[in-house]
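Residue-level listing of the chains:
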Amino acid sequence: MSSILIPLSLFLLSLEALSASSASVGSRSVLRAVVVEKNGNQPDFAVDLNATNFDAVLRDTPATYAIVEFFAHWCPACRNYKPHYEKVARLFNGPEAVHPGIILMTRVDCASKINTELCDRFSVGHYPMLFWGAPPKFVSAGPKPKLDKNEILGIDDGRTADRLLNWINKQLGRHVTPFSYGLEDEKFENEHLQSNVSDPGQIVRAVYDVEEATSTAFDIISAHKMINSETRASLIKFLQLLVAHHPSRRCRKGSSEFLVNFDELYPSDMLADKKQETIIANGKGTLGNFQICGKEVPRGYWMFCRGSRNDTRGFSCGLWVLLHSLSVRVEDGESQMAFSASCEFIHSFFICEECRQHFHDMCSSVSSPFNKTRDFVLWLWSAHNKVNERLMKEETSLGTGDPKFPKVIWPSKQLCPSCYLSQSQERNGTSQIDWDRDEVFKFLSSYYGKMLVTVYNGKGLEDGGTDKAVADDLTVSTNALVVPVGAALAIAVASCAFGALACFWRSRQKNRKYFHQPHYFKNI
(Lines give C-alpha, C1' and ligand atoms only; values in the text may rest on other atoms or scores of the structure.)
Protein backbone atom coordinates (compact mmCIF):
# COMPACT_ATOMS: atom_id res chain seq x y z
CA MET A 1 0.00 0.00 0.00
CA SER A 2 1.06 3.54 -0.65
CA SER A 3 2.44 5.48 2.27
CA ILE A 4 0.22 7.88 4.20
CA LEU A 5 0.80 11.63 4.36
CA ILE A 6 0.42 13.47 7.63
CA PRO A 7 -3.22 14.17 8.57
CA LEU A 8 -2.58 17.93 8.81
CA SER A 9 -1.81 18.19 5.11
CA LEU A 10 -5.11 16.53 4.30
CA PHE A 11 -7.03 18.79 6.61
CA LEU A 12 -5.59 21.90 4.96
CA LEU A 13 -6.32 20.55 1.51
CA SER A 14 -9.85 19.63 2.57
CA LEU A 15 -10.37 23.23 3.70
CA GLU A 16 -8.96 24.43 0.40
CA ALA A 17 -11.35 22.15 -1.47
CA LEU A 18 -14.31 23.48 0.49
CA SER A 19 -13.20 27.04 -0.16
CA ALA A 20 -12.80 26.41 -3.88
CA SER A 21 -16.22 24.80 -3.98
CA SER A 22 -17.81 27.79 -2.27
CA ALA A 23 -16.07 30.21 -4.62
CA SER A 24 -17.64 28.61 -7.66
CA VAL A 25 -21.17 28.43 -6.29
CA GLY A 26 -22.23 31.49 -8.26
CA SER A 27 -21.34 30.19 -11.69
CA ARG A 28 -22.69 26.72 -11.06
CA SER A 29 -25.99 27.90 -9.62
CA VAL A 30 -26.45 29.97 -12.78
CA LEU A 31 -26.12 26.82 -14.88
CA ARG A 32 -28.58 24.90 -12.70
CA ALA A 33 -31.19 27.71 -12.89
CA VAL A 34 -31.27 28.17 -16.64
CA VAL A 35 -35.04 28.09 -16.89
CA VAL A 36 -36.66 30.72 -14.64
CA GLU A 37 -40.28 31.80 -14.75
CA LYS A 38 -40.63 35.56 -14.75
CA ASN A 39 -44.01 36.91 -13.63
CA GLY A 40 -45.78 33.99 -15.25
CA ASN A 41 -44.40 34.82 -18.69
CA GLN A 42 -42.51 32.58 -21.08
CA PRO A 43 -39.50 31.16 -19.22
CA ASP A 44 -35.99 32.24 -20.16
CA PHE A 45 -33.67 29.57 -21.50
CA ALA A 46 -30.62 31.66 -22.40
CA VAL A 47 -28.17 32.14 -19.53
CA ASP A 48 -27.64 35.75 -18.39
CA LEU A 49 -23.94 36.43 -17.89
CA ASN A 50 -22.04 39.39 -16.51
CA ALA A 51 -18.45 40.33 -15.82
CA THR A 52 -18.42 38.43 -12.51
CA ASN A 53 -19.45 35.04 -13.87
CA PHE A 54 -18.65 35.17 -17.60
CA ASP A 55 -15.37 33.26 -17.45
CA ALA A 56 -16.50 30.78 -14.80
CA VAL A 57 -19.72 29.74 -16.56
CA LEU A 58 -18.08 29.33 -19.96
CA ARG A 59 -15.16 27.48 -18.43
CA ASP A 60 -17.36 25.02 -16.51
CA THR A 61 -19.96 24.24 -19.15
CA PRO A 62 -19.87 20.73 -20.68
CA ALA A 63 -21.25 22.17 -23.94
CA THR A 64 -19.06 21.86 -27.03
CA TYR A 65 -19.95 25.31 -28.37
CA ALA A 66 -21.29 28.59 -27.01
CA ILE A 67 -23.18 31.55 -28.42
CA VAL A 68 -22.89 34.88 -26.63
CA GLU A 69 -25.41 37.61 -27.45
CA PHE A 70 -24.31 41.13 -26.51
CA PHE A 71 -27.34 43.42 -26.16
CA ALA A 72 -28.69 46.44 -24.28
CA HIS A 73 -31.89 46.21 -22.28
CA TRP A 74 -33.04 49.64 -23.49
CA CYS A 75 -32.66 48.67 -27.17
CA PRO A 76 -36.08 48.06 -28.85
CA ALA A 77 -34.51 45.81 -31.50
CA CYS A 78 -32.94 43.69 -28.73
CA ARG A 79 -36.28 43.31 -26.97
CA ASN A 80 -37.89 42.25 -30.22
CA TYR A 81 -35.08 39.82 -30.96
CA LYS A 82 -35.27 38.09 -27.57
CA PRO A 83 -38.22 35.79 -28.44
CA HIS A 84 -36.32 34.59 -31.52
CA TYR A 85 -33.18 33.90 -29.48
CA GLU A 86 -35.20 32.10 -26.80
CA LYS A 87 -36.83 29.82 -29.38
CA VAL A 88 -33.40 28.52 -30.32
CA ALA A 89 -32.09 28.49 -26.73
CA ARG A 90 -34.99 26.18 -25.77
CA LEU A 91 -33.44 23.49 -27.92
CA PHE A 92 -30.03 23.54 -26.24
CA ASN A 93 -30.25 24.98 -22.71
CA GLY A 94 -31.53 23.66 -19.41
CA PRO A 95 -32.49 20.27 -17.95
CA GLU A 96 -35.36 19.91 -20.44
CA ALA A 97 -33.22 20.79 -23.46
CA VAL A 98 -34.08 18.93 -26.65
CA HIS A 99 -30.40 18.66 -27.66
CA PRO A 100 -28.38 19.14 -24.43
CA GLY A 101 -24.63 19.45 -24.09
CA ILE A 102 -24.05 20.82 -27.59
CA ILE A 103 -24.45 24.60 -27.41
CA LEU A 104 -24.64 26.92 -24.38
CA MET A 105 -26.64 30.00 -25.38
CA THR A 106 -25.93 33.07 -23.26
CA ARG A 107 -26.45 36.82 -23.23
CA VAL A 108 -24.64 39.84 -21.79
CA ASP A 109 -26.33 43.20 -21.13
CA CYS A 110 -23.85 45.84 -22.26
CA ALA A 111 -26.06 48.60 -20.82
CA SER A 112 -25.10 47.42 -17.34
CA LYS A 113 -22.02 49.29 -16.12
CA ILE A 114 -20.50 46.15 -14.65
CA ASN A 115 -20.19 44.78 -18.21
CA THR A 116 -18.59 47.81 -19.86
CA GLU A 117 -15.08 46.35 -20.01
CA LEU A 118 -16.39 42.92 -20.97
CA CYS A 119 -18.30 44.32 -23.96
CA ASP A 120 -15.32 46.44 -24.94
CA ARG A 121 -13.14 43.32 -24.81
CA PHE A 122 -15.25 41.85 -27.62
CA SER A 123 -15.42 45.17 -29.57
CA VAL A 124 -19.21 45.24 -29.43
CA GLY A 125 -20.20 47.91 -31.93
CA HIS A 126 -23.94 47.35 -32.36
CA TYR A 127 -26.86 45.58 -30.67
CA PRO A 128 -27.65 42.78 -30.74
CA MET A 129 -24.30 41.25 -31.62
CA LEU A 130 -23.75 37.48 -31.59
CA PHE A 131 -20.54 35.46 -31.32
CA TRP A 132 -19.93 31.72 -31.74
CA GLY A 133 -17.02 29.58 -30.55
CA ALA A 134 -15.78 26.88 -28.21
CA PRO A 135 -16.50 28.02 -24.62
CA PRO A 136 -12.81 28.06 -23.54
CA LYS A 137 -11.97 30.38 -26.44
CA PHE A 138 -14.20 33.05 -24.92
CA VAL A 139 -12.38 32.65 -21.61
CA SER A 140 -8.89 32.76 -23.14
CA ALA A 141 -9.71 35.41 -25.71
CA GLY A 142 -7.54 37.98 -23.96
CA PRO A 143 -8.07 41.72 -24.39
CA LYS A 144 -9.54 41.18 -27.88
CA PRO A 145 -11.01 37.96 -29.31
CA LYS A 146 -9.25 36.43 -32.31
CA LEU A 147 -12.04 36.91 -34.83
CA ASP A 148 -9.66 36.55 -37.76
CA LYS A 149 -8.51 33.04 -36.81
CA ASN A 150 -11.91 31.34 -36.73
CA GLU A 151 -11.63 30.79 -32.97
CA ILE A 152 -14.58 33.11 -32.29
CA LEU A 153 -16.95 33.85 -35.15
CA GLY A 154 -19.42 36.67 -35.50
CA ILE A 155 -22.89 35.46 -36.47
CA ASP A 156 -23.96 37.73 -39.29
CA ASP A 157 -27.16 35.99 -40.33
CA GLY A 158 -29.20 35.24 -37.23
CA ARG A 159 -31.82 37.97 -36.99
CA THR A 160 -34.70 35.50 -36.75
CA ALA A 161 -34.99 32.14 -35.01
CA ASP A 162 -35.11 30.34 -38.37
CA ARG A 163 -32.05 32.11 -39.73
CA LEU A 164 -30.06 31.64 -36.52
CA LEU A 165 -30.83 27.92 -36.42
CA ASN A 166 -29.97 27.59 -40.13
CA TRP A 167 -26.62 29.25 -39.40
CA ILE A 168 -26.00 26.83 -36.54
CA ASN A 169 -26.92 23.82 -38.70
CA LYS A 170 -24.49 24.93 -41.41
CA GLN A 171 -21.74 25.50 -38.84
CA LEU A 172 -22.26 21.99 -37.44
CA GLY A 173 -22.57 20.37 -40.85
CA ARG A 174 -26.23 19.53 -40.20
CA HIS A 175 -27.79 21.62 -42.97
CA VAL A 176 -28.94 18.50 -44.83
CA THR A 177 -32.31 17.04 -43.82
CA PRO A 178 -33.01 14.87 -41.80
CA PHE A 179 -29.92 15.66 -39.73
CA SER A 180 -30.64 19.35 -39.17
CA TYR A 181 -32.05 20.75 -35.93
CA GLY A 182 -35.56 22.21 -36.17
CA LEU A 183 -37.46 24.75 -34.09
CA GLU A 184 -40.27 22.25 -33.58
CA ASP A 185 -37.98 19.49 -32.28
CA GLU A 186 -39.15 17.95 -29.02
CA LYS A 187 -37.15 15.99 -26.48
CA PHE A 188 -36.39 12.43 -27.60
CA GLU A 189 -38.09 13.07 -30.94
CA ASN A 190 -36.28 13.58 -34.24
CA GLU A 191 -33.12 12.38 -32.52
CA HIS A 192 -29.91 12.02 -34.50
CA LEU A 193 -27.68 10.68 -31.76
CA GLN A 194 -24.33 9.36 -32.82
CA SER A 195 -23.71 5.73 -31.90
CA ASN A 196 -21.00 4.94 -29.36
CA VAL A 197 -20.25 1.61 -31.03
CA SER A 198 -17.43 2.60 -33.36
CA ASP A 199 -16.24 6.01 -32.15
CA PRO A 200 -13.82 5.72 -29.21
CA GLY A 201 -13.53 9.50 -28.96
CA GLN A 202 -17.07 9.83 -27.62
CA ILE A 203 -16.03 8.49 -24.23
CA VAL A 204 -14.53 11.90 -23.40
CA ARG A 205 -18.10 13.18 -22.98
CA ALA A 206 -18.83 10.43 -20.47
CA VAL A 207 -16.85 12.13 -17.69
CA TYR A 208 -19.84 14.45 -17.25
CA ASP A 209 -22.12 11.42 -17.07
CA VAL A 210 -19.89 9.87 -14.40
CA GLU A 211 -20.42 13.02 -12.33
CA GLU A 212 -24.14 12.92 -13.09
CA ALA A 213 -24.41 9.25 -12.08
CA THR A 214 -22.45 9.81 -8.86
CA SER A 215 -24.63 12.73 -7.82
CA THR A 216 -27.84 10.96 -8.85
CA ALA A 217 -26.89 7.85 -6.86
CA PHE A 218 -26.42 9.89 -3.68
CA ASP A 219 -29.66 11.80 -4.34
CA ILE A 220 -31.48 8.46 -4.50
CA ILE A 221 -29.81 7.30 -1.29
CA SER A 222 -30.87 10.51 0.44
CA ALA A 223 -34.42 10.55 -0.94
CA HIS A 224 -35.09 6.95 0.10
CA LYS A 225 -33.32 7.29 3.47
CA MET A 226 -31.22 4.24 2.70
CA ILE A 227 -28.41 4.88 5.19
CA ASN A 228 -28.91 2.77 8.30
CA SER A 229 -26.97 0.54 10.66
CA GLU A 230 -26.84 -2.22 8.04
CA THR A 231 -25.75 -0.13 5.07
CA ARG A 232 -23.53 2.59 6.56
CA ALA A 233 -20.34 0.46 6.47
CA SER A 234 -20.90 -0.31 2.78
CA LEU A 235 -21.32 3.37 2.04
CA ILE A 236 -18.13 4.25 3.92
CA LYS A 237 -16.17 1.73 1.85
CA PHE A 238 -17.49 3.09 -1.41
CA LEU A 239 -16.83 6.68 -0.34
CA GLN A 240 -13.21 5.73 0.34
CA LEU A 241 -12.99 4.36 -3.17
CA LEU A 242 -14.47 7.56 -4.63
CA VAL A 243 -12.14 9.82 -2.66
CA ALA A 244 -9.16 7.92 -4.00
CA HIS A 245 -10.08 7.05 -7.56
CA HIS A 246 -13.07 8.95 -8.92
CA PRO A 247 -12.03 10.35 -12.34
CA SER A 248 -13.45 13.78 -11.47
CA ARG A 249 -11.49 15.76 -8.90
CA ARG A 250 -14.55 17.73 -7.83
CA CYS A 251 -16.33 14.45 -7.03
CA ARG A 252 -13.28 13.36 -5.02
CA LYS A 253 -13.46 16.64 -3.09
CA GLY A 254 -17.18 16.27 -2.40
CA SER A 255 -16.79 12.64 -1.33
CA SER A 256 -13.97 13.64 1.00
CA GLU A 257 -16.08 16.37 2.58
CA PHE A 258 -18.94 13.94 3.13
CA LEU A 259 -16.61 11.32 4.59
CA VAL A 260 -15.15 13.87 7.04
CA ASN A 261 -18.63 14.69 8.32
CA PHE A 262 -20.08 11.19 8.13
CA ASP A 263 -20.10 10.43 11.88
CA GLU A 264 -21.88 13.67 12.68
CA LEU A 265 -24.46 13.08 9.95
CA TYR A 266 -24.98 9.40 10.62
CA PRO A 267 -23.71 8.35 14.08
CA SER A 268 -22.93 4.71 14.74
CA ASP A 269 -25.84 4.43 17.20
CA MET A 270 -28.41 4.80 14.40
CA LEU A 271 -29.86 1.43 15.35
CA ALA A 272 -33.47 2.47 15.69
CA ASP A 273 -35.70 4.05 13.07
CA LYS A 274 -36.78 6.67 15.60
CA LYS A 275 -33.17 7.67 16.12
CA GLN A 276 -32.68 8.09 12.38
CA GLU A 277 -35.87 10.11 12.08
CA THR A 278 -34.67 12.37 14.88
CA ILE A 279 -31.35 12.92 13.11
CA ILE A 280 -33.08 13.84 9.87
CA ALA A 281 -35.60 16.06 11.66
CA ASN A 282 -32.76 17.94 13.33
CA GLY A 283 -31.11 18.56 9.98
CA LYS A 284 -28.02 16.46 10.72
CA GLY A 285 -28.82 13.57 8.42
CA THR A 286 -29.46 15.57 5.29
CA LEU A 287 -27.13 14.07 2.71
CA GLY A 288 -28.79 16.45 0.28
CA ASN A 289 -26.83 19.30 1.88
CA PHE A 290 -23.65 17.85 0.37
CA GLN A 291 -22.98 18.33 -3.32
CA ILE A 292 -20.91 15.23 -4.02
CA CYS A 293 -19.73 16.59 -7.37
CA GLY A 294 -20.28 20.32 -6.94
CA LYS A 295 -23.17 22.76 -7.08
CA GLU A 296 -23.92 22.34 -10.78
CA VAL A 297 -24.38 18.57 -10.63
CA PRO A 298 -26.74 16.88 -11.31
CA ARG A 299 -27.35 18.88 -14.48
CA GLY A 300 -30.50 16.99 -15.36
CA TYR A 301 -29.33 15.51 -18.65
CA TRP A 302 -26.92 12.94 -20.06
CA MET A 303 -24.37 13.21 -22.84
CA PHE A 304 -22.50 9.98 -23.67
CA CYS A 305 -25.25 8.00 -21.90
CA ARG A 306 -28.21 9.78 -23.43
CA GLY A 307 -30.78 7.45 -24.95
CA SER A 308 -33.10 8.16 -27.85
CA ARG A 309 -36.00 7.77 -25.42
CA ASN A 310 -36.59 9.17 -21.96
CA ASP A 311 -36.68 5.74 -20.29
CA THR A 312 -33.51 4.25 -21.77
CA ARG A 313 -29.82 4.44 -20.83
CA GLY A 314 -29.12 7.43 -18.57
CA PHE A 315 -28.42 6.55 -14.94
CA SER A 316 -27.70 2.84 -15.40
CA CYS A 317 -25.26 3.60 -18.22
CA GLY A 318 -23.55 6.31 -16.15
CA LEU A 319 -23.23 3.97 -13.17
CA TRP A 320 -21.54 1.31 -15.33
CA VAL A 321 -19.10 3.90 -16.68
CA LEU A 322 -18.35 4.98 -13.10
CA LEU A 323 -17.59 1.40 -12.00
CA HIS A 324 -15.38 0.77 -15.04
CA SER A 325 -13.50 4.04 -14.50
CA LEU A 326 -12.87 3.13 -10.86
CA SER A 327 -11.69 -0.39 -11.74
CA VAL A 328 -8.90 0.78 -14.06
CA ARG A 329 -7.56 3.28 -11.51
CA VAL A 330 -6.89 1.01 -8.52
CA GLU A 331 -3.53 -0.58 -7.81
CA ASP A 332 -3.03 -4.34 -7.69
CA GLY A 333 -3.19 -4.36 -3.88
CA GLU A 334 -6.51 -2.50 -3.92
CA SER A 335 -8.32 -4.67 -6.47
CA GLN A 336 -10.09 -6.89 -3.92
CA MET A 337 -11.08 -3.86 -1.86
CA ALA A 338 -12.51 -2.13 -4.96
CA PHE A 339 -14.40 -5.29 -5.93
CA SER A 340 -15.87 -5.68 -2.44
CA ALA A 341 -16.78 -1.99 -2.15
CA SER A 342 -18.49 -1.96 -5.57
CA CYS A 343 -20.45 -5.15 -4.93
CA GLU A 344 -21.64 -4.02 -1.51
CA PHE A 345 -22.60 -0.56 -2.77
CA ILE A 346 -24.76 -1.95 -5.58
CA HIS A 347 -26.32 -4.55 -3.26
CA SER A 348 -27.11 -1.95 -0.59
CA PHE A 349 -28.13 1.06 -2.65
CA PHE A 350 -29.13 0.18 -6.24
CA ILE A 351 -32.89 0.47 -6.05
CA CYS A 352 -33.77 -1.80 -9.00
CA GLU A 353 -34.40 -5.05 -7.12
CA GLU A 354 -33.94 -7.54 -9.97
CA CYS A 355 -30.79 -5.82 -11.27
CA ARG A 356 -29.37 -5.60 -7.77
CA GLN A 357 -29.93 -9.30 -7.15
CA HIS A 358 -28.37 -10.31 -10.48
CA PHE A 359 -25.29 -8.24 -9.71
CA HIS A 360 -25.09 -9.71 -6.21
CA ASP A 361 -25.25 -13.23 -7.66
CA MET A 362 -22.34 -12.47 -10.00
CA CYS A 363 -20.33 -11.05 -7.09
CA SER A 364 -21.10 -14.08 -4.94
CA SER A 365 -19.90 -16.45 -7.66
CA VAL A 366 -16.31 -15.18 -7.31
CA SER A 367 -14.51 -17.89 -5.38
CA SER A 368 -11.06 -16.37 -4.81
CA PRO A 369 -9.89 -12.83 -4.07
CA PHE A 370 -8.50 -10.59 -6.79
CA ASN A 371 -4.77 -9.96 -6.54
CA LYS A 372 -4.33 -7.87 -9.68
CA THR A 373 -6.05 -4.83 -11.12
CA ARG A 374 -6.29 -6.76 -14.39
CA ASP A 375 -8.41 -9.46 -12.72
CA PHE A 376 -10.95 -6.99 -11.35
CA VAL A 377 -11.13 -4.98 -14.59
CA LEU A 378 -11.77 -8.10 -16.68
CA TRP A 379 -14.29 -9.50 -14.18
CA LEU A 380 -16.32 -6.28 -14.29
CA TRP A 381 -16.13 -6.22 -18.11
CA SER A 382 -17.31 -9.85 -18.25
CA ALA A 383 -20.12 -9.15 -15.76
CA HIS A 384 -21.27 -6.17 -17.82
CA ASN A 385 -21.39 -8.31 -20.97
CA LYS A 386 -23.40 -10.97 -19.13
CA VAL A 387 -25.92 -8.32 -18.14
CA ASN A 388 -26.04 -7.01 -21.71
CA GLU A 389 -26.57 -10.53 -23.07
CA ARG A 390 -29.44 -11.18 -20.67
CA LEU A 391 -31.11 -7.81 -21.32
CA MET A 392 -30.54 -8.16 -25.05
CA LYS A 393 -32.84 -11.20 -25.16
CA GLU A 394 -35.47 -9.65 -22.88
CA GLU A 395 -35.59 -6.31 -24.69
CA THR A 396 -35.75 -7.98 -28.10
CA SER A 397 -38.70 -10.14 -27.10
CA LEU A 398 -40.56 -7.34 -25.30
CA GLY A 399 -39.59 -4.43 -27.57
CA THR A 400 -38.44 -2.33 -24.60
CA GLY A 401 -34.88 -1.59 -25.71
CA ASP A 402 -33.50 1.61 -27.16
CA PRO A 403 -33.79 1.21 -30.95
CA LYS A 404 -30.76 3.41 -31.54
CA PHE A 405 -28.65 1.92 -28.76
CA PRO A 406 -29.47 -1.80 -28.58
CA LYS A 407 -27.59 -3.92 -26.06
CA VAL A 408 -24.45 -5.44 -27.60
CA ILE A 409 -21.49 -7.53 -26.53
CA TRP A 410 -18.77 -5.00 -25.89
CA PRO A 411 -16.34 -3.74 -27.06
CA SER A 412 -17.38 -3.99 -30.68
CA LYS A 413 -14.93 -5.10 -33.31
CA GLN A 414 -14.94 -1.56 -34.71
CA LEU A 415 -13.80 -0.18 -31.36
CA CYS A 416 -11.18 -2.84 -30.61
CA PRO A 417 -10.33 -5.15 -33.53
CA SER A 418 -7.28 -6.48 -31.67
CA CYS A 419 -9.55 -7.69 -28.85
CA TYR A 420 -11.02 -10.37 -31.13
CA LEU A 421 -9.24 -13.64 -31.86
CA SER A 422 -12.25 -15.26 -33.53
CA GLN A 423 -16.02 -15.01 -33.61
CA SER A 424 -18.64 -17.62 -34.44
CA GLN A 425 -22.43 -17.75 -34.52
CA GLU A 426 -24.25 -20.37 -32.44
CA ARG A 427 -27.52 -22.05 -33.40
CA ASN A 428 -29.51 -20.07 -30.85
CA GLY A 429 -28.33 -16.82 -32.45
CA THR A 430 -25.82 -15.86 -29.79
CA SER A 431 -22.32 -14.91 -30.78
CA GLN A 432 -19.39 -16.85 -29.36
CA ILE A 433 -16.26 -14.72 -29.19
CA ASP A 434 -12.74 -15.85 -28.48
CA TRP A 435 -11.28 -12.79 -26.76
CA ASP A 436 -7.67 -11.73 -26.48
CA ARG A 437 -8.00 -10.77 -22.82
CA ASP A 438 -4.65 -8.97 -22.73
CA GLU A 439 -5.83 -6.70 -25.54
CA VAL A 440 -9.19 -6.23 -23.85
CA PHE A 441 -7.46 -5.13 -20.65
CA LYS A 442 -5.28 -2.66 -22.55
CA PHE A 443 -8.32 -1.26 -24.32
CA LEU A 444 -10.36 -0.88 -21.13
CA SER A 445 -7.46 0.75 -19.29
CA SER A 446 -7.08 3.34 -22.03
CA TYR A 447 -10.79 3.84 -22.74
CA TYR A 448 -11.88 4.35 -19.13
CA GLY A 449 -8.54 5.77 -18.03
CA LYS A 450 -6.75 8.57 -19.87
CA MET A 451 -9.25 8.85 -22.73
CA LEU A 452 -12.16 9.43 -20.35
CA VAL A 453 -10.61 12.55 -18.83
CA THR A 454 -9.24 14.27 -21.94
CA VAL A 455 -12.32 16.43 -22.37
CA TYR A 456 -10.77 19.66 -21.08
CA ASN A 457 -7.58 19.13 -23.04
CA GLY A 458 -9.72 18.97 -26.15
CA LYS A 459 -11.21 22.33 -25.18
CA GLY A 460 -7.77 23.93 -25.04
CA LEU A 461 -7.52 24.20 -21.26
CA GLU A 462 -4.27 22.31 -20.89
CA ASP A 463 -2.09 25.40 -20.76
CA GLY A 464 -1.17 26.70 -17.30
CA GLY A 465 -2.70 29.38 -15.11
CA THR A 466 -6.34 29.46 -14.18
CA ASP A 467 -7.34 27.20 -17.03
CA LYS A 468 -4.87 24.61 -15.82
CA ALA A 469 -6.54 24.67 -12.41
CA VAL A 470 -9.90 23.99 -14.01
CA ALA A 471 -8.47 21.20 -16.13
CA ASP A 472 -7.26 19.57 -12.93
CA ASP A 473 -10.90 19.13 -11.91
CA LEU A 474 -11.10 16.36 -14.49
CA THR A 475 -7.85 14.50 -14.17
CA VAL A 476 -6.76 10.98 -13.46
CA SER A 477 -6.61 10.34 -9.75
CA THR A 478 -3.58 9.03 -7.97
CA ASN A 479 -3.19 5.31 -7.44
CA ALA A 480 -2.81 5.89 -3.72
CA LEU A 481 -5.96 5.11 -1.75
CA VAL A 482 -7.18 8.22 0.04
CA VAL A 483 -9.05 7.28 3.19
CA PRO A 484 -9.03 8.23 6.84
CA VAL A 485 -5.96 6.98 8.69
CA GLY A 486 -7.85 4.34 10.65
CA ALA A 487 -9.38 2.92 7.48
CA ALA A 488 -6.02 2.86 5.75
CA LEU A 489 -4.54 0.85 8.60
CA ALA A 490 -7.42 -1.59 8.41
CA ILE A 491 -6.90 -2.04 4.70
CA ALA A 492 -3.21 -2.66 5.25
CA VAL A 493 -4.01 -5.33 7.82
CA ALA A 494 -6.69 -7.02 5.75
CA SER A 495 -6.35 -6.00 2.11
CA CYS A 496 -7.80 -9.29 0.91
CA ALA A 497 -10.57 -9.34 3.52
CA PHE A 498 -12.05 -5.89 3.15
CA GLY A 499 -14.97 -6.76 5.37
CA ALA A 500 -12.67 -6.30 8.34
CA LEU A 501 -12.58 -2.62 7.53
CA ALA A 502 -16.21 -2.17 8.49
CA CYS A 503 -15.57 -3.63 11.93
CA PHE A 504 -12.59 -1.39 12.41
CA TRP A 505 -14.64 1.64 11.40
CA ARG A 506 -17.41 0.80 13.84
CA SER A 507 -14.92 0.74 16.69
CA ARG A 508 -13.46 4.10 15.71
CA GLN A 509 -16.63 5.94 14.68
CA LYS A 510 -16.71 8.58 17.39
CA ASN A 511 -13.13 9.73 16.87
CA ARG A 512 -12.72 9.65 13.11
CA LYS A 513 -13.84 13.18 12.42
CA TYR A 514 -11.44 14.70 14.94
CA PHE A 515 -8.45 12.37 14.85
CA HIS A 516 -8.68 10.62 11.49
CA GLN A 517 -9.48 13.32 8.98
CA PRO A 518 -9.35 11.84 5.44
CA HIS A 519 -6.34 13.15 3.62
CA TYR A 520 -5.10 13.65 0.13
CA PHE A 521 -2.15 11.86 -1.37
CA LYS A 522 0.12 13.09 -4.11
CA ASN A 523 -1.54 14.93 -7.01
CA ILE A 524 -5.13 14.46 -5.82
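Residues numbered from 1 in each chain as written. Predicted model: local features only at pLDDT ≥ 70, side-chain atom pairs only at ≥ 80, totals over all residues. Heavy atoms only, no water.

- Going by the annotation in an unreviewed UniProt entry, the name recorded for the chain is Sulfhydryl oxidase, with Rhododendron griersonianum given as the source organism.
- Listed in UniProt under the heading Catalytic activity (unreviewed entry), the comment for the chain reads: "2 R'C(R)SH + O2 = R'C(R)S-S(R)CR' + H2O2".
- Here is the UniProt Subcellular location (unreviewed entry) comment for the chain, exactly as written: "Secreted". (UniProt positions renumbered as here; feature names shortened; annotations may be inferred.)

Points about empty space enclosed by the protein
Part 1 of the argument: What the rule picks out here adds up to four cavities of 30 Å³ or more.
Part 2 of the argument: When its volume is computed, the second largest cavity comes out at roughly 60 Å³.
Part 3 of the argument: If you go around the second largest cavity, the residues you meet are A217, I220, I221, F315, L319, F345, I346, F349, F350 and I351.
Part 4 of the argument: Those elements that place two or more of their residues in the lining of the second largest cavity are α8 (206-223), α13 (315-327) and α14 (335-349).
Part 5 of the argument: Of the residues contributing to the lining of the second largest cavity, the split by class is ten nonpolar, no polar and no charged. (1 Å grid on protein atoms, 1.4 Å probe; cavity = no way out; pocket = protein on both sides within 12 Å on 5 of 7 lines; lining within 4 Å. Points joined across faces, edges and corners; volume = space filled by probe spheres on them. Helix = DSSP H or I, 4+ residues; strand = E, 2+ residues; numbered from the N terminus. Nonpolar A, V, L, I, M, F, W, Y, C, P; charged D, E, K, R; others polar.)

Notes on the state of the cysteines
Part 1 of the argument: According to the stated counting rule, one finds five disulfides in the structure shown.
Part 2 of the argument: Ordering the disulfide-forming cysteines of the chain by sequence position, one finds them joined as 1-2, 3-4, 5-6, 7-8, 9-10.
Part 3 of the argument: Residue C78 stays outside any disulfide, its sulfur separated by 3.0 Å from that of C75, the closest cysteine. (Disulfide = S-S within 2.5 Å.)

Focus on α8
Part 1 of the argument: Across its 18 residues, α8 extends 25 Å between first and last C-alpha, which sits within 8% of the 26 Å expected from 1.5 Å per residue.
Part 2 of the argument: The buried fraction of α8 amounts to 14 of the 18 residues, a majority that puts the element mostly inside the structure.
Part 3 of the argument: Of the residues trailing α8, K225 is marked for its positive phi of about 50°. (Expected span 1.5 Å × (residues − 1). Buried < 20%, exposed > 50% of the residue type's maximum accessible area, 1.4 Å probe, protein only.)

Focus: the nonpolar core
Part 1 of the argument: In terms of nonpolar packing, the biggest core is built from 79 residues, with L235, F258, V321, F359, W379 and L444 touching the most fellow members.
Part 2 of the argument: Considering every element that reaches this core, the biggest residue donor is helix α16 (residues 373-398), with nine residues.
Part 3 of the argument: In this structure, F45, I67, Y181 and L183 belong to the second largest nonpolar core, which totals 24 residues. (Core = buried A, V, L, I, M, F, W, Y, C linked by side-chain atoms within 4.5 Å.)

Some remarks on the pattern of salt bridges
Part 1 of the argument: With the rule as written, the count across this model stands at 15 salt bridges.
Part 2 of the argument: Sharing partners across several salt bridges, the network here consists of D48, E69, E86 and R107. (Salt bridge = Lys/Arg side-chain N within 4 Å of Asp/Glu carboxyl O.)

Some details on the layout of surface pockets
Part 1 of the argument: Reported here for the largest pocket is a volume of approximately 1,100 Å³.
Part 2 of the argument: For the lining of the largest pocket, the secondary-structure elements that each account for two or more residues are α13, α15 (353-364) and α16.
Part 3 of the argument: The element best represented in the lining of the largest pocket is α16, accounting for ten residues.
Part 4 of the argument: The residue makeup of the lining of the largest pocket, split by class, is 23 nonpolar, eleven polar and eight charged.

Some remarks on the side chain of E86
Part 1 of the argument: Along the chain, E86 falls in helix α4 (residues 76-92).
Part 2 of the argument: Accessibility expressed as a relative area gives 7% for E86, which makes it buried.
Part 3 of the argument: Engagement of the side chain of E86 in a polar contact is seen with the side chain of R107, the distance being 2.9 Å.
Part 4 of the argument: Contacts of E86, omitting those with residues within four sequence positions, involve P43, D44, F45, A46 and R107. (Polar contact = N/O pair within 3.5 Å; in protein donor to acceptor, adjacent residues only side chain to side chain. Contact = heavy atoms within 4.5 Å.)

Observations regarding the pairing of strand β3 (residues 103-109)
Two faces, one strand: in a regular strand the side chains alternate between the faces of the sheet.
Part 1 of the argument: The buried fraction of β3 is high, at seven of seven residues.
Part 2 of the argument: A two-sided burial pattern is seen for β3, the buried positions comprising I103, M105, R107 and D109 on one face and L104, T106 and V108 on the other.
Part 3 of the argument: The pairing of strand β1 (residues 47-49) with β3 spans three bridges and is parallel. Of the residues in β3, the one forming a bridge with V47 is T106.
Part 4 of the argument: Pairing of strand β2 (residues 65-71) with β3 involves seven bridges; the strand directions are parallel. Directly across from E69, in β3, lies its bridge partner R107.
Part 5 of the argument: This β-α-β element, β2 to α4 to β3, shows right-handed connectivity. (Pairing = 2+ DSSP bridges. Right-handed = clockwise from strand over helix to strand, strands pointing away.)

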